Amino acid sequence: MKPAPFAYEAPTTVSEAVDCLASHGEEAKVLAGGQSLVPVLALRLARYEALVDLNRVGELDYVRREGSTMVIGAMTRQATIERDPTLRAAIPVLREATRLIGHPQIRNRGTLGGSVAHGDPAAEYPAVALATDATITVIGPAGPRIIEAADLYDGPMSTTLAEDEILTAVAFPVWCPGSGFAVREMARREGDFATVGVIAGVTLADDRISRAALALFGVGATPMRFRQLEGELLGADFLAVDPTDFGETLAQRLDPPNDVHASTAYRTRVAARLVAEALDAALDTARQETTS
Amino acid sequence: MTGHGRFVEDVVWPDTWHVAFLRSPVARGRIVGLDVEAARALDGVRVVLTAAELNPLVRSWWQTAVGPDAPQPPRRLLAAEDVRWVGEPIAMVLATSRYVAEDALELIELDVEEQPPVIADHLDRWKVEGEVGLVHPELGTNVAAQVPSPDRGMPMGNAALDDVLGTAPHVFDETFHQHRYLCVPMEARGILARWDPYRGRMEIVAATQGAHEVRASTARLLGIDETQVHASAEDVGGGFGQKMYMSTEDHCVVAAAYREECAVRWIEDRNENLVAGGHARTEDMRLQVATDETGRILGIKAHHVEDVGAFPTPGVGSNAKLAAAYLPGPYDIGQYFFSGVATYSNTNGKCAYRGPWMMETVAREQMMDIVAVELGIDPLEFRRHNMITSDRLPFTTSSGMVYETVTPRETLDQVAELIDYEGFRAEQAAARADGRLLGIGLAAYIEGSPGFGVLGAEQVSLRIDYDGKVLASTGSGSHGQSVETTVAQVVADSLGVDYEDVRVVQNDTAASPFGSGTGGSRTAAVFGGAARLAGEKLRRKVLRVAAVALEADPEDLELDLGVVRVKGAPAVALPMAQVAAMAYAGHAAFPPDLEPGLEAAHRIKAPTFMFSNAAHAAVVEVDPGTGQVRVLRYAVSEDCGNMINPMVVEGQIAGGVVQGIGGVFYEHFVYDSTGNPLTTTFMDYLLPTAADVPEIVYGHVVTPSTTPGGFKPVGEGGAIVSPPALINAVRDALRPFGARLTAQPLTPAVLLDIIEGNTR
Ligand SMILES: Cc1cc2nc3c(=O)[nH]c(=O)nc-3n(C[C@H](O)[C@H](O)[C@H](O)COP(=O)(O)OP(=O)(O)OC[C@H]3O[C@@H](n4cnc5c(N)ncnc54)[C@H](O)[C@@H]3O)c2cc1C
């Protein structure tokens with residue numbers, strides 16, 4: 001379990017990092033918190049001629065409000081997100097999801113950008129980005145561009161970033177008052193990647209659902225949104241929604257993986273329950289938000 | 001916990017060559033091509049060894065505890081011509097670093113023609129004999145061992161038992177399955193070896209439970225004298241049985257050092273440890289139990305099937321004989337017969353794992369619950385009804401074990417109280433009304449510890465040198481059991497010195513007496529007993545020397561906290577340093593029969609078997625939505641005789657219980673049908689974490705044994721009896737769904753199937 005040889009670069013600015021990455025062509029890889037990349041290298045599941053370490057690029061470590069979004073720099077540690085009071089007020093689901101990532105030791109090193117760029121189909125952040133309609137900023141030799149969360153993943157651990165692009169920030173829209181989110185996750189042990197995970201978000205206006213989002217993780221090659229089903233919720237009186245029914249309906253559209261942790265059938269059944277629970281809890285929170 | 005331990009990996013010899021093994025990627029097949037030339041040519045590589053170079057060095061290969069004549073699988077250092085399990089070492093690279101060694105592995109060209117493997121898969125298993133092929137063609141059979149052994153004149157049945165099974169009012173028949181789960185020591189395996197041909201000396205530092213076994217195995221392998229080998233260990237981060245004997249890779253390292261006349265170092269990584277470190281459990285047991293109308297057990301017939309993998313250690317890896325001896329446990333079971341068969345498969349070989357025979361308790365204690373419920377008797381009452389009570393001691397079990405000082409009834413009663421067994425049913429009913437599934441499980445056992453053969457003659461030797469401080473050398477091999485503390489305590493007490501003044505030396509063949517290391521739960525009883533007697537001997541010697549100095553009768557002297565005093569005249573005091581100075585330099589005044597110096601040793605002769613007992617109780621909750629289990633409460637009552645150190649006793653139990661929680665709910669080493677392992681990192685082989693383990697409540701019953709000090713075994717029990725206690729609790733929680741639950745592991749998927757009525 002020792003990595004194959006690689007060159008190591010440690011730029012201090014984003015533009016240096018972009019240059020570094022470009023100069024090595026396809027054979028270089030960005031190193032963030034290393035919590036996913038280092039084990040992959042050590043097991044020799046992948047090899048790169050060079051690693052471009054972003055840990056000294058201070059300009060990628062920030063949390064700030066920009067209009068109706070919270071923008072978070074790629075190198076912001078998961079532990080920082082967990083503790084940031086502004087984020088907690090503006091996007092409570094992010095904190096709730098962060099606490100389900102690994103253990104404190106991992107969150108102290110792991111970064112938002114690393115997690116989103118790595119794109120593990122069972123990871124929390126990609127699903128939060130998808131559920132909240134976040135946008136991702138990346139930069140390459142040709143300059144910056146913005147990717148919608150919905151367009152970011154094209155397979156398991158595979159993104160639409162070009163090999164010479166660096167993810168610089170994720171902008172999470174702050175949903176309007178009257179919104180509620182909930183995360184529900186089944187993992188074999190505390191801190192494990194989700195066997196099945198669900199994020200539900202709703203906005204209520206006059207007791208009717210005016211916005212809805214459902215993102216599942218751990219049940220497919222990428223995190224998944226269910227826009228058609230969400231659409232069926234729009235305009236409904238929240239009291240008329242039967243979360244259990246909804247969960248069953250949604251689960252019928254799944255074809256989750258079969259592995260040593262759980263079978264397809266198991267994931268499907270648990271997904272139905274967790275969707276119901278998450279939707280119920282999100283509606284509850286939204287209602288409390290509107291009445292308070 | 002200080003973080004200052006020093007383990008084998010921390011030992012740095014500047015001239016060592018680092019090892020990486022090329023391991024078989026297939027379970028069974030012919031090696032049709034093996035080209036190591038490119039690897040040999042890589043910068044930084046000293047040599048790449050294959051079977052052709054290494055295997056001819058083997059002179060003999062056996063473990064002390066099984067002896068030279070017991071059967072062994074056809075052992076080899078490196079696979080030659082064919083491969084027999086995924087992970088089998090085929091070639092060995094020696095390079096300037098582990099990094100370079102792994103680079104070299106990628107340059108080796110290996111071509112294996114695959115053959116269908118003999119795999120005992122998890123649920124459709126044991127189709128082993130003759131069907132697909134032979135694991136070891138040399139042997140002509142896949143049967144590794146059988147009890148009773150047909151060629152040893154042992155009775156092949158028990159007619160009286162068959163009678164009972166044919167006529168008893170109630171007969172129950174159930175087969176239990178235990179999956180493959182592993183020792184997983186915190187520190188993986190590791191060894192450094194250096195052969196110095198000019199001094200004719202092999203120096204070894206190993207992560208081992210017993211340095212003398214390392215020395216002996218090395219000497220046997222290479223045909224050199226044991227005195228030419230110096231083996232020692234640093235701190236050892238757990239073994240749980242895996243480090244009791246030298247593994248194939250360990251043997252390869254000493255052979256490579258011998259052949260290359262250099263220093264060689266192999267530090268196993270976690271991936272290797274999971275795939276190739278030695279596997280455990282993986283067995284079935286069928287029990288047929290007859291009872292009378294009142295629920296008294298009249299007889300038990302047991303059949304045990306073990307999968308021992310390809311190259312088990314020690315010997316052929318079967319634990320059936322001990323399982324047969326221990327199966328009656330704390331009960332009077334009447335007529336009894338035990339048979340077993342162990343079979344080879346194309347998987348990693350079986351090694352010892354904390355209570356290697358424990359299937360007898362896992363099966364028996366589940367059966368106790370199943371029978372009780374079928375008879376409509378409470379499982380606690382059913383156990384009490386059949387349990388051996390103190391007034392029947394000494395008691396000879398149906399397997400011939402003689403219990404003298406066990407207290408199973410007392411520990412069962414105590415644990416029932418600790419877990420609030422009486423109050424639980426109301427709690428359970430209330431929870432069920434809320435849609436929550438709670439269950440309670442009990443399990444009891446007698447922990448047997450072997451004191452026969454080489455395991456039963458262990459020594460502690462004590463030395464007080466010039467400054468009056470005490471050095472205690474033992475043949476033990478602490479790998480996390482705090483033997484450094486407990487032996488020092490016993491010596492301090494029996495000798496009459498301060499605990500701080502005793503230092504324990506062990507696991508070093510040059511510094512400690514010959515011994516079989518730490519394993520089999522013997523250390524407190526055997527080494528503790530020897531320490532006590534050695535301490536008493538040395539105390540008498542100290543008093544004799546002091547008597548010369550004080551011109552007194554030794555009978556009138558006492559030794560306490562390192563100071564000799566005249567009884568009744570406390571002002572006259574002689575500190576140990578003065579006694580020591582006199583013993584070594586002032587001996588001119590000694591009478592002729594008084595030997596100078598302050599040394600004493602005692603080699604104890606242990607009883608063939610030593611016994612302790614315990615009962616465990618668990619309360620669990622099963623989530624009806626996901627099938628996940630939480631252990632809400634856990635209680636243990638044990639009687640390990642006099643406790644040298646209650647913290648150490650409870651630590652041993654806690655560790656074992658955590659391994660039970662892991663084994664029942666999380667840990668599962670999975671092979672697919674081609675013999676390919678699927679759980680090769682901690683991402684997939686799940687260990688319980690602190691978040692999965694409840695606070696454990698302990699109760700102690702103290703009944704001294706008849707051995708010196710009154711100590712009893714305690715090291716393995718936690719891992720032996722926690723699995724059935726936990727399984728019984730889950731079965732109780734799922735009783736409304738008619739759960740039989742006779743196969744582990746109890747994963748959320750398995751339990752959700754039962755809850756939803758989807759059982760296969
Ligand atoms: C024991 C353990 C448990 C874990 N449990 C969970 C869990 O429950 N949920 C979960 O979501 N995660 C979990 N993780 C993973 C953890 O969250 C990782 O930190 C995260 O997935 C990757 O973040 P990182 O900063 O460590 O990235 P790295 O490991 O450094 O990089 C990961 C990948 O992303 C790329 N990358 C990183 N940053 C950028 C960037 N700015 N631009 C472009 N590419 C980039 C890298 O090149 C690499 O391919 C766990 C990890 C461990 C070790």
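Residues numbered from 1 in each chain as written. Chains lettered and ligands numbered in written order. Predicted model: local features only at pLDDT ≥ 70, side-chain atom pairs only at ≥ 80, totals over all residues. Heavy atoms only, no water.

Per an unreviewed UniProt entry, chain B carries the name Carbon-monoxide dehydrogenase large subunit and comes from Pseudonocardia oroxyli.

Going by the annotation in an unreviewed UniProt entry, the name recorded for chain A is Carbon-monoxide dehydrogenase medium subunit, with Pseudonocardia oroxyli given as the source organism.

Visitor: Explain the overall build of chain B here, please?
Guide: In terms of regular secondary structure, chain B is built from 18 helices and 28 strands. In terms of overall dimensions, chain B has C-alpha extents of about 85 × 70 × 55 Å along its principal axes. Looking at chain B residue by residue over its 760 residues, the buried ones come to 62%. Sequence-distant contacts, at least 24 apart, represent 79% of the contacts inside chain B between residues at least 6 apart. Within the structure as shown, chain B displays about 27300 Å² of accessible surface, and the carbon and sulfur contribution to it stands at 51%. (Helix = DSSP H or I, 4+ residues; strand = E, 2+ residues; numbered from the N terminus. Buried < 20%, exposed > 50% of the residue type's maximum accessible area, 1.4 Å probe, protein only. Contact = heavy atoms within 4.5 Å. Areas by Shrake-Rupley, 256 points an atom, 1.4 Å probe, with all protein chains shown as cover.)

Visitor: Where do I start with the packing of aromatic side chains in this structure?
Guide: Aromatic rings in a pair are described by how distant their centres are and how their planes are angled relative to each other. Inspection of the entire model under this criterion finds 11 aromatic pairs over all chains. Seen from their ring centres, B:Tyr181 and B:Tyr353 are 5.9 Å apart, and the 90° between their planes marks the pair as edge-to-face. Separated by 172 residues along the polypeptide, B:Tyr181 in the loop between β8 (170-180) and β9 (190-196) and B:Tyr353 in the loop between β15 (335-344) and α9 (359-375) bring together distant segments of the chain. Of the two residues, B:Tyr181 and B:Tyr353, both sit in the buried class. The interplanar angle of 75° and the centroid separation of 4.9 Å between the aromatic rings of B:Tyr403 and B:Phe611 together place this pair among those described as edge-to-face. Within this pair, whereas B:Tyr403 is found in strand β17 (residues 402-403), its partner B:Phe611 is found in strand β26 (residues 609-622), the two being separated by 208 residues in sequence. For the pair shown, B:Tyr403 and B:Phe611 are each scored as buried. Taken together, the ring pairs in this structure connect B:Tyr326, B:Trp357, B:Tyr403, B:Phe452, B:Phe609 and B:Phe611 into an aromatic cluster. One residue, A:Arg64, lies across the ring of A:Tyr62, its end atom 3.9 Å from the ring centre. In this arrangement the basic side chain of B:Arg194 is found over the ring face of B:Trp13, its NZ or CZ atom lying 4.3 Å from the centre. (Phe/Tyr/Trp six-rings, centres within 6.5 Å; stacked < 30°, edge-to-face > 60°. Lys NZ or Arg CZ within 6 Å of the ring centre and 35° of its normal.)

Visitor: Is there a simple way to explain the pairing of strand β18 (residues 437-450) of chain B in this structure?
Guide: Two faces, one strand: in a regular strand the side chains alternate between the faces of the sheet. Residues and elements named next belong to chain B. Counting buried residues along β18, 14 of its 14 residues qualify, which places the element largely inside the surrounding structure. By the alternation rule, side chains of β18 split into Leu-437, Gly-439, Gly-441, Ala-443, Tyr-445, Glu-447 and Ser-449 and Leu-438, Ile-440, Leu-442, Ala-444, Ile-446, Gly-448 and Pro-450, which are all buried. Inspection of the sheet shows β18 paired to β26 by 14 bridges, in the antiparallel sense. Counted as the bridge partner of Ile-440 is Val-619 from β26. (Pairing = 2+ DSSP bridges.)

Visitor: Whenever I open this one, the sheet that holds strand β21 (residues 502-505) of chain B confuses me. Can you help?
Guide: For sheets, the rule is that strands pair by backbone hydrogen bonds, running either parallel or antiparallel. Residue and element names in this part refer to chain B. The mixed open sheet is built from 4 strands, whose spatial order is β21-β20-β19-β25. In this open sheet, the two edge strands, each paired with only one partner strand, are β21 and β25 (599-605). Adjacent strand axes in the sheet meet at a mean angle of 20° when their direction is disregarded. For strand β20 (residues 470-474) and β21, the ladder comprises 4 bridges, and the chain directions are parallel. Note that in β21 the partner of Ala-472 across the bridge is Val-504. Taken strand by strand, helix α13 (residues 483-496) contacts β19 (457-464), β20 and β21, and its axis lies near 135° from that of β21. (Axes fitted to C-alpha atoms, helices over the stretch in contact; angles between N-to-C directions.)

Visitor: Would you mind showing me how to read the packing of α9(B) against helix α17 (residues 717-733) of chain B here?
Guide: Residues and elements named next belong to chain B. In the contact formed by α9 and α17, the axes pass within 8 Å of each other and the chain directions differ by 30°. Taken as axis vectors, α9 and α17 run roughly parallel relative to one another. Note on packing geometry: the crossing formed by α9 with α17 is right-handed. For the pair formed by α9 and α17, the contact residues are Glu-360, Thr-361, Val-362, Glu-365, Gln-366, Asp-369 and Ile-370 on the first element and Ile-720, Val-721, Pro-723, Pro-724, Ile-727, Asn-728 and Arg-731 on the second. Here the residues of the contact of α9 with α17 are counted per class, giving 7 nonpolar, 3 polar and 4 charged. (Parallel < 35°, antiparallel > 145°, perpendicular 65-115°, else oblique. Left-handed = near helix turned anticlockwise from the far one by under 90°. Nonpolar A, V, L, I, M, F, W, Y, C, P; charged D, E, K, R; others polar.)

Visitor: Where do I start with the nonpolar core in this structure?
Guide: Considering soluble globular proteins, one finds that nonpolar side chains tend to be buried as a cluster. Residue and element names in this part refer to chain B. Residues Leu-287, Phe-338, Phe-665 and Val-730 are the most contacted members of the largest nonpolar core, which totals 104 residues. In this view, Phe-338 contacts Val-147, Pro-148, Met-285, Ala-302, His-304, Ala-320, Ala-323, Ala-324 and Leu-327; residues no more than four positions away in its chain are not counted. If you look at the next biggest cluster of nonpolar residues, it comprises 46 residues, including Val-545, Val-564, Phe-590 and Ile-644. (Core = buried A, V, L, I, M, F, W, Y, C linked by side-chain atoms within 4.5 Å.)

Visitor: What is the right way to look at helix α10 (residues 243-251) of chain A in this model?
Guide: An α-helix turns once every 3.6 residues. As a result, residues three or four positions apart point the same way. Residues and elements named next belong to chain A. Buried residues of α10: Pro-243, Phe-246, Gly-247, Leu-250 and Ala-251, and no others. Take α10 and look down its axis: the buried residues cluster within an arc of 130°, on one side only. The secondary structure elements touched by the buried residues of α10 are β13 (208-217), α9 (227-233) and α11 (264-291). One side-chain oxygen at the N-terminal end of α10 lies 3.0 Å from the backbone nitrogen of Thr-244; it belongs to Asp-242. (Arc of directions from axis to C-beta. Polar contact = N/O pair within 3.5 Å; in protein donor to acceptor, adjacent residues only side chain to side chain.)

Visitor: For this particular structure, what's the right way to read the environment of A:Val219?
Guide: All names here are of chain A. Its place among the elements puts Val-219 in the loop between β13 and β14 (224-225). The spacing of Val-219 and Val-196 is 23 residues in sequence and 6.1 Å in space, taken between C-alpha atoms. Once residues within four sequence positions are removed from consideration, Val-219 is found in contact with Val-196, Met-224, Leu-254, Asp-255, Pro-256 and Pro-257.

Visitor: Looking at this structure, I do not really get the domain arrangement of chain A. What am I missing?
Guide: For interface size, the figure often reported is the accessible area lost on association. Residues and elements named next belong to chain A. Parsing chain A into structural domains produces domain 1 (7-53), domain 2 (59-173) and domain 3 (179-287). Between domain 1 and domain 2, the C-alpha centre-to-centre distance is 19 Å. On the side of domain 2, 18 residues touch domain 1, which itself brings 13 residues to the contact. Its largest share of buried area at the contact with domain 2, domain 1 owes to Val-14, Val-18 and Gln-35, together 40% of the area lost on that side. (Domains from an automatic or database assignment. Buried area = accessible area lost by both parts, 1.4 Å probe.)

Visitor: I keep staring at the pattern of salt bridges and nothing clicks. Help me out?
Guide: Two side chains of opposite charge can pair, provided their charged atoms sit close to one another. All names here are of chain B. One pass over the full model with this rule turns up 65 salt bridges over all chains. In this structure, Glu-272 and Arg-98 form a salt bridge, with 3.1 Å as the shortest nitrogen-oxygen distance. Here Glu-272, found in helix α7 (residues 270-276), pairs with Arg-98, found in helix α3 (residues 98-105); they are 174 residues apart in sequence, far enough to count as distant. Considered together, Glu-272 and Arg-98 belong to a single accessibility category, that of buried residues. As a salt-bridge pair, Asp-732 and Arg-735 come within 3.0 Å of each other at their nearest N and O atoms. The buried category is assigned to Asp-732, whose relative accessible area is 4%. (Salt bridge = Lys/Arg side-chain N within 4 Å of Asp/Glu carboxyl O.)

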